[in-house]
Amino acid sequence: MSAASLPPAIEIHALRKEFGEKVAVADLTLRVERGEVFGFLGPNGAGKTTAVKMLLGLIHPTAGEGQLLGAPLGDNYRRARVGFLPEHFRFHDWLTATEFLTLHGNLYHMPHDVTDRRVPELLELVGLSPHAGKRLRAFSKGMLQRIGLAQALLNDPQLVILDEPTSGLDPVGRRLVRDIIREQREQGTTVFLNSHLLSEVEITCDRVAFIKQGEILRTSQLQTLVEGELTVEVRARNLRPEIIAGLSRWSQNVRADGEHLSLTLTSESDLPLINRYLVEGGVDVYALRPQHLSLEDLFIQVVGTDGGL
Amino acid sequence: MTTLVIARLTFREAARRKILLAALLLGIVFLTIYGFGFHYVNVELNRSGSSPGPLERNEIRNFLLMAGLYVVNFLTVMMAVLTSVDTLSGEIASGTIHTLVSKPLRRWEIVLGKWLGFTGMLTLYLLLMAGGVIGLVYLISGYSAPHTSQGFVLMWLNGVLLLGVSLFGGAMFSTLANGVMVFGLYGIAFLGGWIEQIGSFIQNQTAVNIGIISSLIIPSEALWKRAAFEMESPLVRALGFSPFSAPTVPSPVMVGYAVVYAIVALILAIWQFSRRDL
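Here the structure is a predicted model, which is why all the values come from computation and not from measurement.

> What's the story with the overall build of chain B in this structure? I'm lost.
The number of helices and strands found in chain B is 12 helices and 0 strands. From first element to last, N terminus to C terminus, chain B shows the α and β order α-α-α-α-α-α-α-α-α-α-α-α. Of all 278 residues assigned to chain B, the portion counted as buried reaches 46%. Taking all contacts inside chain B whose residues are at least 6 apart in sequence as the whole, residues at least 24 apart take part in 81%.

This is the structure we're talking about:
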């Protein structure tokens, strides 16, 4: 079967979760295609982890429905094709690294010869080969995260769900995670990345969703998102009020402060038009600097600065 | 299959955490002390000529055997509860459960696997301890109590029953709340047993009824009383009173109730663990 004819990796509709009075996830509708690297962004407490746990059947939704790889959420058989790295990466720390991965191979119902081959491969991949015989109790936070990642990839999954995969890692570890995600994408694996480390998402993801208070505020291709929106800083003299007011046809977000003017645009092609408008209006333009928004700017713009509290 | 993987994991955890070693070493210490104690009493019994007579000698041997098994019964219950009290609630609280439950398995397989692992440990422990006591008595004095296999099964059932309750509590509450609940229930059964025993001795039906009600709340003490009844000497049985059993012997119906209780506790543990959010 080609990727196009396969059911989407994730498809959820109006998923909702209440814990007593508290609404953790209000109304989540989402579709992630096969082979995508999808970033799930939001401030702390936005309901990201609850949403991920519902995908995996760890938490039963209050309402709504969904499918993972074409099977209902929590379906036992499909979970054999899913890999998961939980947020707090707490594992049975009295096992050695090799024993830990072998155990999870058994839980994936992998044949013994496959497990015996895959376990050293994955230890090598995450850079833990020298610590294969060491108990997880002696592992640092970063090492635990690496072994957790190995565990999530053990079964050669079609869908990998990573909940904050880089939060405990140093820069070397983060690069490793990035490389692994890239590698997974090349193999056609779908990656669902739950993160608030925006620089990571910016580098790795194809598409992102912004979530706040349990609702998706916006879903977008990362490329168009970042390339599409830009701010323009202008330094000019003779900025008359009626000229500034006239800029509203290109931007709803114009701020003027003496010689300085800043405005947000949705398209780069508006730049020469604005320049001509200013010059023909008698304004002396000294500088006109377009700047693309970073994902962080976008995040603040979409989610707000209150952190969802 | 997955159930067996979890059962093995449970066993291995107990081994790695030195629980098995501690239980084994202290068990050996217990049996050593018991063996020496029994040996010297037995030497004294054999030396003292015709008084006490051979029949009374065996009464004393039986009394000592029951005292040993009484402690073994208590230790087995402790072992069943202490090993399992933290197993579900602890894994839920720490988050180690997340990597397990997100695997292609059903939640009942986790609970059943843990139950199997703990039941295996419990069985080995009881074989060592009860088998040790019964065996030492036989080796030293040649005395063997009646119906020891029935007694063994009843003591085993007692451990399994409390294991089921402890697993259910672990799926429902925090570790601490679970421990308070299980030992609270055990305390009720213990107290109820004594009230029943004394009530029966002074022929007060209300006190006996209180004992029966406490056995219905949790039939663990009733199981021990039935086990003691099975293994005690015919004379004590005829007299109908000893520190370890009551004149009102729990009926086979109560034993059947305990079997159902143990099974229902396990089913409830599975049900509660399957429905809860993790």
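> It is not clear to me how the sheet that holds strand β11 (residues 230-237) of chain A should be interpreted in this structure. Could you clarify?
Strand pairing in a sheet takes place through backbone hydrogen bonds and is either antiparallel or parallel in direction. Residue and element names in this part refer to chain A. Strand order in the open sheet formed by 4 strands is β12-β13-β11-β14, and the pairing between neighbours is antiparallel. Taken across any chain shown, the strands that pair with only one partner, and hence form the sheet edges, are β12 (254-257) and β14 (284-292). This sheet shows a mean twist of 15 degrees between the axes of neighbouring strands, independent of strand direction. One ladder, built from 6 bridges, connects β11 with strand β13 (residues 260-265); its direction is antiparallel. When the bridges of β13 are listed, Glu233 appears paired with Ser262. Where helix α9 (residues 270-280) meets the sheet, it contacts β11, β13 and β14, and its direction lies at approximately 160 degrees from that of β14.

> Please explain the interface of chain A and chain B as it appears in this structure.
The accessible area lost on association of the parts is a frequent measure of interface size. At the junction of the two partners, chain A supplies 22 residues and chain B supplies 20 residues. Here the element with the most residues in the side of chain A that touches chain B is helix α2 (residues 97-107) of chain A; it accounts for 4 residues. Taken together, the residues of the side of chain A that touches chain B break down into 12 nonpolar, 8 polar and 2 charged.

> How should I be thinking about the nonpolar core in this particular structure?
Soluble globular proteins: nonpolar side chains tend toward being buried together. The biggest cluster of nonpolar side chains holds 144 residues, and the ones touching the most others in it are Ile161(A) and Val133(B). Tallying contributions element by element places helix α6 (residues 107-141) of chain B first for this core, with 15 residues. With sequence-adjacent residues up to four places away left out, Ile161(A) is seen in contact with Val52(A), Leu55(A), Leu56(A), Val82(A), Phe84(A) and Phe192(A). Listed in part, the 6 residues of the second largest apolar core include Val232(A), Val234(A), Leu239(A) and Leu263(A).

> Quick question: what am I supposed to make of the pairing of strand β6 (residues 82-85) of chain A here?
Put simply, side chains in a regular strand alternate between the two faces of the sheet. All names here are of chain A. Burial of β6 is two-sided: the residues Val82 and Phe84 facing one way and the residues Gly83 and Leu85 facing the other way are all buried. The sheet contact formed by β6 and strand β7 (residues 159-163) spans 4 bridges and is parallel. If you follow Gly83 over to β7, its bridge partner there is Val160.

> In this structure, what is going on with the domain arrangement of chain A? I would like to understand it.
Structurally, chain A comprises domain 1 (3-225) and domain 2 (230-292). One C-alpha centre belongs to domain 1 of chain A, the other to domain 2 of chain A, and the line joining them spans 44 Å.

> What is the right way to read the packing of helix α1 (residues 2-16) of chain B against α6(B) from this model?
In a pair of packed helices, the angle between the axes and the distance between the axes together describe the arrangement. All names here are of chain B. Between α1 and α6, whose axes approach to 7 Å, the crossing angle comes to 45 degrees. The orientation of α1 relative to α6 falls into the category oblique. The two elements α1 and α6 meet at a crossing, and its hand is right-handed. Across from Thr2, Thr3, Leu4, Val5, Ile6, Ala7, Thr10, Phe11 and Ala14 in α1, the residues of α6 making contact are Glu109, Ile110, Leu112, Gly113, Lys114, Leu116, Gly117, Phe118, Gly120 and Met121. Its residues assigned to classes, the contact of α1 with α6 comprises 11 nonpolar, 6 polar and 2 charged.

> Would you explain helix α10 (residues 220-231) of chain B in this entry?
The periodicity of an α-helix, 3.6 residues per turn, causes residues three or four positions apart to be oriented the same way. Residues and elements named next belong to chain B. With 12 residues, α10 should cover 16 Å at 1.5 Å per step; its first-to-last C-alpha distance of 17 Å lies within 8% of that length. Of all 12 residues in α10, 12 are buried, a share of seventy percent or more. Restricting attention to buried positions, one finds in α10 the residues Ser220, Glu221, Ala222, Leu223, Trp224, Lys225, Arg226, Ala227, Ala228, Phe229, Glu230 and Met231.

> Explanation requested: the pairing of strand β4 (residues 63-68) of chain A in the structure shown.
Residue and element names in this part refer to chain A. Where strand β1 (residues 10-19) lies against β4, 5 bridges are found, and the strand directions are antiparallel. The partner of Ile10 across the bridge, within β4, is Leu68. Where β4 meets strand β5 (residues 71-72), 2 bridges bridge the pair, whose relative direction is antiparallel. By the bridge assignment, Leu68 is partnered in β5 with Ala71. Connecting β4 to the next strand, β5, in antiparallel fashion are 2 residues, including Leu69 with a positive phi near 55 degrees.

> Would you take a moment to explain the packing of helix α8 (residues 175-201) of chain B against α10(B) for this structure?
Residues and elements named next belong to chain B. The contact between α8 and α10 brings their axes to 7 Å, and the two run at 50 degrees. What the angle tells us is that α8 and α10 run oblique. Residue-level inspection shows Tyr186, Ala189, Phe190, Gly192 and Gly193 of α8 in contact with α10, the latter providing Ser220, Glu221 and Lys225. Grouping the amino acids of the contact of α8 with α10 by side-chain chemistry returns 3 nonpolar, 3 polar and 2 charged.

> Before we go on, may I ask you to explain the environment of Leu68(A) in this structure?
Residue and element names in this part refer to chain A. Positionally, Leu68 belongs in strand β4. Judged by the 27 C-beta atoms lying within 10 Å of it, Leu68 falls in the buried class. When the C-alpha positions of Leu68 and Arg31 are compared, they lie 10.0 Å apart, and in sequence the two are 37 residues distant. Not counting the four nearest positions on each side in its chain, Leu68 is found in contact with Ile10, Leu55, Leu73, Asp75, Arg78, Val82 and Leu159.

> Sorry if this is basic, but what is going on with α8(B) here?
Residues and elements named next belong to chain B. Helix length check: α8 (27 residues) gives 39 Å between terminal C-alpha atoms against 39 Å at 1.5 Å per residue, within 8%. Of all the positions in α8, only Asn178, Val182, Ala189, Gly192, Gly193, Glu196, Gln197 and Gly199 are classed as buried. Structurally, α8 contributes buried residues whose contacts are with α3 (54-84), α4 (87-94), α7 (148-172), α9 (205-217) and α10. The positive-phi residue at the C-terminal boundary of α8 is Gln203, with phi of around 55 degrees.

> Mind showing me how you'd approach the environment of Val234(A) here?
Residues and elements named next belong to chain A. Here Val234 lies in strand β11. Owing to 23 C-beta atoms within 10 Å, Val234 belongs among the buried residues under this scheme. If near-sequence neighbours (up to four positions away) are discounted, Val234 is found in contact with Leu261, Val285, Ala287 and Leu288.

> Help me understand the confidence of the model for chain B in this model?
Caution applies to low-pLDDT regions: their predicted coordinates should not be interpreted in detail. For chain B, per-residue confidence averages 90 on the pLDDT scale, and 95% of positions sit at 70 or higher. ipTM for the predicted complex: 0.86, alongside a pTM of 0.87.

> Would you take a moment to explain unusual backbone geometry for this structure?
Keep in mind that most residues, glycine aside, have a negative phi and that most peptide bonds are trans. Phi is positive for Glu164(A), which is not a glycine, with a value near 50 degrees. Note that Glu164(A) resides in the loop between β7 and α5 (171-186). Its 21 C-beta neighbours within 10 Å are what place Glu164(A) among the buried residues. Phi is positive for Lys18(B), which is not a glycine, with a value near 65 degrees. Relative to the elements of secondary structure, Lys18(B) occurs in the loop between α1 and α2 (19-47). On the neighbour-count criterion, Lys18(B) (11 C-beta atoms within 10 Å) is exposed.

The rules behind each value
Residues numbered from 1 in each chain as written. Chains lettered and ligands numbered in written order. Predicted model: local features only at pLDDT ≥ 70, side-chain atom pairs only at ≥ 80, totals over all residues. Helix = DSSP H or I, 4+ residues; strand = E, 2+ residues; numbered from the N terminus. Buried ≥ 20, exposed ≤ 12 C-beta atoms within 10 Å, placed from the backbone. Contact = placed C-beta atoms within 7 Å. Pairing = 2+ DSSP bridges. Axes fitted to C-alpha atoms, helices over the stretch in contact; angles between N-to-C directions. Nonpolar A, V, L, I, M, F, W, Y, C, P; charged D, E, K, R; others polar. Core = buried A, V, L, I, M, F, W, Y, C linked by C-beta atoms within 7 Å. Domains from an automatic or database assignment. Parallel < 35°, antiparallel > 145°, perpendicular 65-115°, else oblique. Left-handed = near helix turned anticlockwise from the far one by under 90°. Expected span 1.5 Å × (residues − 1). pLDDT = per-residue confidence, 0-100.

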